[in-house]
Structures are given as structure tokens and as C-alpha cells.
Amino acid sequence: MRAEPILRAAAAVTIVMAFWHLASAALRTYFLPGPLDVVPRLLALLGEPSTWGHIASSAARVAVGLALGSVVGLAMGVAPRYLPGAGFILEDVVYPVLESVPTICWALIFAVLFGLAGTVPTLAVAVAVAPFFAVNAWEGVKELDEPLIEMAHSFTRSRARVLRFVVLPMLYPYLFSALRSSLQVSWKVVVLGEVFGAVDGIGYMIWTAFSSFNAPLMLSWVLISALIIVLSEFVVFKYLDRRFMRRWRR
Amino acid sequence: MSYAVEVEGLRKSYGGLKVLSGVSLKVKEGEFCCILGPSGCGKTTFLKVLAKLTPFERGTVRVLGRDVRNDSSYLSELALVFQEPRLLRWRTVRGNVELALQLRRGSLREGDAALVEECLRKVGLADWLDAYPHELSGGMRQRVALARALVVKPKLLLLDEPLTGLDVRTRRELQDEMIKIWMSEGLTVLFVTHDPAEAAYLAQRVVVFSDKPTKVKGVVEVEAPKPMDPSSPELKEVEERVRSYFYG
């Protein structure tokens, strides 16, 4: 029963590797080394303690950026329920601005404002993911089960308690879906932001390897980034979904 | 004589539609009172006014000695059970009952677990603490809703057609349980129904509402002690009197 997903994953990896190997062999260029050159370099890289330091730096930026973006996005998404007119501002002002400006532009703006202090990728993640949380939360707010909220109000007049114990839990499936989309985006944005807005992290190392024309090293870091995204989706989210979210769908 | 509910000349409309038109009634402390009326006559609205879930235009409403317009303190001594159980599907039976305490006090305290278990035992669900709502029958879900109301130790329990949609046997079991709980807890119960037989079986006093715009059509006092024998001539006689007001 458990063998099927493992076989599927193995087949997918084999196909990617084969395609990569063929492409590298056909192009015969130093700038696209094949998996036989890159994978040993990757394994060596994973044995170096400094690698894990860079991964930790990127992961910390993802975590802080996600936390910031999710809180801001959630607040924006829930606000229309309590503040008249907030729905218009969210749909017609905030969301179009956040969505229409490319993430790289946000990263550049933050780089100009804050320099290379390492906050650039974090803020870029926050700006990139806030709309996911805002829109998903607001979709959830529109679908709230009003009789349940009325039941909650029959026990308390405190809106804060109803929000905490009933409204927010009702939004969990929507926030989970936002988190799922956001996590992948966050890693991509962090790597991009670190290219020109940090002095450590995966993106910074990709940039350093690129600047020194070390293609196997650069691709090794790209693979690390890709592996983290794939693992977060197939291991972390599948687990969370199985462990917690199913009871929301009953 | 002290009253748990005193309503005088209550008027309530939804938009232009007049629902309650000068309703007046009193419920004595410790009484089991049924409000009987046709579907859509405003029985639920009446309970929502008492629970301060909806405003009203005119009249005086006093609950547990306090005027609902300018004193909400009575709400901590009142609990409402809705027609549908309204359970959180992601919480267990225990979690759903705990919810009432969390909403009322902000957090759980020491001893709450025992209190929750005691309430669930009273409604016959002691073995279902860790079950989720989807694993329960309709009657069991309504028992959870009843336990959720009881856990906050209300002085006044409002029940809004809580047995609608249940099969005859489950209804009778729950009716008996409600009488038992009312007798053991010393609560005042205000039970809304559209079933004359149910009202006659449960109540010490049946207040019959008219169709919209709603007024009190009549009151039937039930002298016989509770619980009544379902096949007794007294119950048949009470049912007849209730029916005569209801259909008259």
C-alpha cells in the first residue's frame, strides 16, 4: 500500500535525471553539467557544515516571512467581516497592488530601502504570500457557518472569543490551502531575494557559484532548493493533511 | 412569586413583516414551560429575544429579574439549545462541550474535565467522549448539544424544538431525559415545540401562540406530576385541551 507513492516518486526522479543527462550530453556545454557531475558535488556539499548554515538562514527567512505575511494576510481577509468597506479596499485596492507588482520589484524596492541586511528576502516573502492568505481567508469568511457563530454568541458576547474558538478554526482549511501554495512560493522568493539582498543563504550561494562560473556547484544549490520544496509538499503537507485537516472535511 | 421570564407587550418585526405582536407571558422560576405554536409563528424569534440574539421594537422583557435592554448579566445564567445540534465537526464530543466553557470564560480550568464528563454522563454519552460528531446519530448529537448547554450550569434553559427530525423512540427517550434533568437540576425550562402531544407530555404549563402576527392564544395548566404515564387518561385529557387551543 505504501509502495505505490515511493515507486511513483522513484519513477519521477529517474525520468528527470534521464532527461537532464540526455540534455547535458546533447548540449555538451560546461554550463549544463549532467547529474553524474552534479550529484557527487551535491553529496559533498551536504557534508559541509556551512551548507546547513546557509539552508538554516534561508529557512529562517521563509519562516519569518511566512509568519509575517500570513498574519497580515489573515487580518486583511478577516477584516471585511468586522469593518464595513474593508471588503472593497481588499478586493479593489490592496489585492490588485500586491498582485500586479512583480515580486522581484518588491525585492528591489526593499533592497533600496533596507540594503543587504538580509531583511529583503524576508519582506519579499511576506509581500508575496500575504495575498494568498488574504484571499483565502476572505473566501473562508464568506462561507462561514452563521448558525455555528450564532450558537457561539449564545454563550458569550465576546467577539474575540468567538473569533478564537469558532471563526478562526472554521478558516483553517482555507489557511492550510494558502500555506500550501505559499510555502513553495516563499522558497522561490527567498532564493531570488537572497541573490541580491543578502550575504548568506541558498540564493546567495547560487549567485556566488554563478559569479565564479562554477556550474556544478550552482546546480547543486539549485537542487537543494528544489529538494526542500518537494519534501515540504510531499512529506510535511501530506502528513499535516492526514493528521489534522481531515476532520475539517467530515 | 418570582419569575424567570416576564414579557409584556413584546413586538418584533423583520423588515415590514410583523412577527410578534404584543406577546405577554410569565414563566415561574423552576417551571417547565412549553411554548406551542405553528411553524414560522415566531417561537424561535421569541427565544432569541430572551437570549439577546435579536433586538425587538417594543415591550418589556425581563429575564431572571433583569431588563434585557440595559442589563446583559443574566446571559451568564442562561443557555440555549437550537433545533439543530450546531456542533463543531472538528472537535470531539468532549471538545464540543468544553467549547461552551471556553466561550463563557475564555479558557478551561482545573476540574472542567470532570464537569464535562459529568454532563455527558447525564445525557448518556459517557462512553462517547472522544467520538466526532459524524460518528454519532442525530439523537446523540442533540444530546451533546444538551450537555453543552448544561455544562455552563444555567438557571434558565431555552430549548428551541430540539427534538425535531428525530424518530419517535429517540424523541421519547430524550423527552424523559429532559424531564429527569429538569427535576434533578432545579432549572427553569422554556421549551418550544409545534407538537401538542410533546408539549402536553413535557410541560407544567403550555403557552399556545397564534399564527403571525403572533399573540398568546391560550394557556393550559398541567396539574399532574411529572413524568406522566404516556398511556394515562390525564395525559390524553391535557393533550385534548392543548389541541383545542392549538387548532381552535
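Given the structure is predicted, the values throughout are model-derived calculations rather than measurements.

Attention shifts here to the interface of chain A and chain B. Interfaces are often described in size by the accessible area the parts lose on coming together. Listed as interface residues are 20 residues of chain A and, on the opposing side, 25 residues of chain B. Between chain A and chain B, the buried area comes to about 2,200 Å², and carbon and sulfur atoms account for 62% of it. Seen at the junction of chain A and chain B, the total is two salt bridges. Arginine 86 of chain B is paired through a salt bridge with glutamate 150 of chain A; the nearest N and O atoms lie 2.7 Å apart. Scanning the region where chain A abuts chain B turns up 10 residue pairs in polar contact (both at pLDDT 80 or more). Counting residues per element, the ones that place at least two in the side of chain A that touches chain B are helix H7 (146-155) and helix H8 (159-197) of chain A. Examining the composition of the side of chain A that touches chain B, we find that eight residues originate from one element, H7 of chain A, more than from any other. Residue composition of the side of chain A that touches chain B, by class: 11 nonpolar, three polar and six charged.

Residue and element names in this part refer to chain B. Here four strands make up an open sheet; going across it, the order is S2-S1-S4-S5 and the pairing antiparallel. The strands lining the two open edges of the sheet, one partner per strand, are strand S2 (17-28) and strand S5 (66-67). With two bridges connecting them, strand S4 (residues 58-63) and S5 associate as antiparallel partners. Paired with arginine 62 across the bridge in S5 is aspartate 67. The strands touched by helix H1 (residues 43-50) within the sheet are strand S1 (3-14), S2 and S4, with S1 carrying the most contacts at an inclination of about 120 degrees.

One pass over the full model with this rule turns up seven aromatic pairs over all chains. Consider the rings of tryptophan 106 of chain A and phenylalanine 110 of chain A, whose centres lie 6.2 Å apart with planes at 25 degrees: the pair is stacked. Taken together, the residues tryptophan 106 of chain A and phenylalanine 110 of chain A, both in helix H5 (residues 103-114) and four residues apart, mark about one turn of the helix. Classification of tryptophan 106 of chain A by relative accessible area gives buried; the value is 17%. Judged by relative accessible area, phenylalanine 110 of chain A falls into the buried class, the value being 11%. Ring centres 6.1 Å apart and planes at 35 degrees place the aromatic pair phenylalanine 32 of chain B and phenylalanine 191 of chain B in the tilted group. Here the residue phenylalanine 32 of chain B occupies a position in strand S3 (residues 32-36), and phenylalanine 191 of chain B occupies one in strand S8 (residues 188-193), the gap between them amounting to 159 residues. Comparing phenylalanine 32 of chain B with phenylalanine 191 of chain B shows no difference in burial state: the two are buried. Ring pairing ties together the aromatic residues Phe32, Trp182 and Phe191 of chain B, which thus form one cluster.

On to helix H2 (residues 93-105) of chain B. An α-helical turn contains 3.6 residues, so any two residues separated by three or four positions project in the same direction. Spanning 13 residues, H2 of chain B covers 19 Å between terminal C-alpha atoms, matching the ideal 18 Å at 1.5 Å per step. In terms of burial, H2 of chain B is largely enclosed, as 11 of its 13 residues are buried. Elements in contact with the buried residues of H2 of chain B: H7 and H8 of chain A together with strand S6 (78-81), helix H3 (112-122) and helix H4 (138-150) of chain B. Directly beyond the C-terminal end of H2 of chain B, a positive phi value near 95 degrees is found at glycine 106 of chain B.

As a further point, take the nonpolar core. Of all hydrophobic cores here, the largest spans 149 residues; its most connected members are Val166 of chain A together with Phe46, Leu50, Leu157 and Leu190 of chain B. It is H8 of chain A that contributes the most residues to this core, 14 residues altogether. Residues within four places of phenylalanine 46 of chain B in sequence aside, it is in contact with Val7, Leu10, Leu20, Val23, Leu25, Ile35, Leu190 and Phe209 of chain B.

Residue and element names in this part refer to chain B. Looking at where threonine 214 falls in the secondary structure, it is placed in the loop between strand S9 (205-209) and strand S10 (216-221). Given a relative accessible area of 0%, threonine 214 falls into the buried group. A polar contact of 2.2 Å, which involves the side chain of threonine 214, links it to the backbone oxygen of cysteine 41. Leave out the neighbours within four places in its chain, and threonine 214 touches Val19, Leu20, Ser21, Val23, Cys41, Gly42 and Phe209.

Calculation criteria
As a convention, each chain's residues are numbered from 1 in the sequence order in which they are written. Just so you know, chain letters begin at A and ligand numbers begin at 1, following the order they were written in. Owing to the predicted nature of the model, reporting of local features is limited to residues with pLDDT of at least 70; listing and counting of side-chain atom pairs is limited to 80 or more, with chain, interface and lining totals taken over all residues. Excluded from the side-chain calculations are hydrogens and water; all other atoms, namely the structure's heavy atoms, are used. When checking whether two residues touch, look at their non-hydrogen atoms; a contact exists if any pair is within 4.5 Å. As a working definition, buried area equals the accessible area (1.4 Å probe) given up by two parts on being put together, with both sides summed. Note on definitions: salt bridges are taken to be side-chain nitrogens of Lys or Arg within 4 Å of carboxyl oxygens of Asp or Glu. Counting of polar contacts relies on pairs of N or O atoms within 3.5 Å, with two restrictions inside protein: one atom must be capable of donating a hydrogen and the other of accepting it, and residues adjacent in sequence are counted only when both atoms are side-chain atoms. A run of H or I in DSSP counts as a helix once it spans at least four residues, and a run of E counts as a strand once it spans at least two, with each numbered from the N terminus. Note on residue categories: nonpolar means Ala, Val, Leu, Ile, Met, Phe, Trp, Tyr, Cys or Pro, charged means Asp, Glu, Lys or Arg, and polar means any other residue, Gly included. Each pair of strands is called paired provided DSSP finds at least two bridges between the two strands. A fitted line through C-alpha atoms serves as each axis, taken over the contacting stretch for helices, and the angle formed by two N-to-C directions is quoted from 0 to 180°. Centre distance within 6.5 Å is the pairing criterion for rings of Phe, Tyr and Trp, where only the six-membered ring of Trp is used; planes under 30 degrees apart are then read as stacked, over 60 as edge-to-face, and the remainder as tilted. When a residue's accessible area, from a 1.4 Å probe over protein chains only, is under 20% of the maximum for its type it is buried; when over 50% it is exposed; and in between it is partly exposed. For a helix, the expected span equals 1.5 Å multiplied by the number of residues minus one. In this text, buried Ala, Val, Leu, Ile, Met, Phe, Trp, Tyr and Cys residues form a nonpolar core when linked through side-chain atoms within 4.5 Å.

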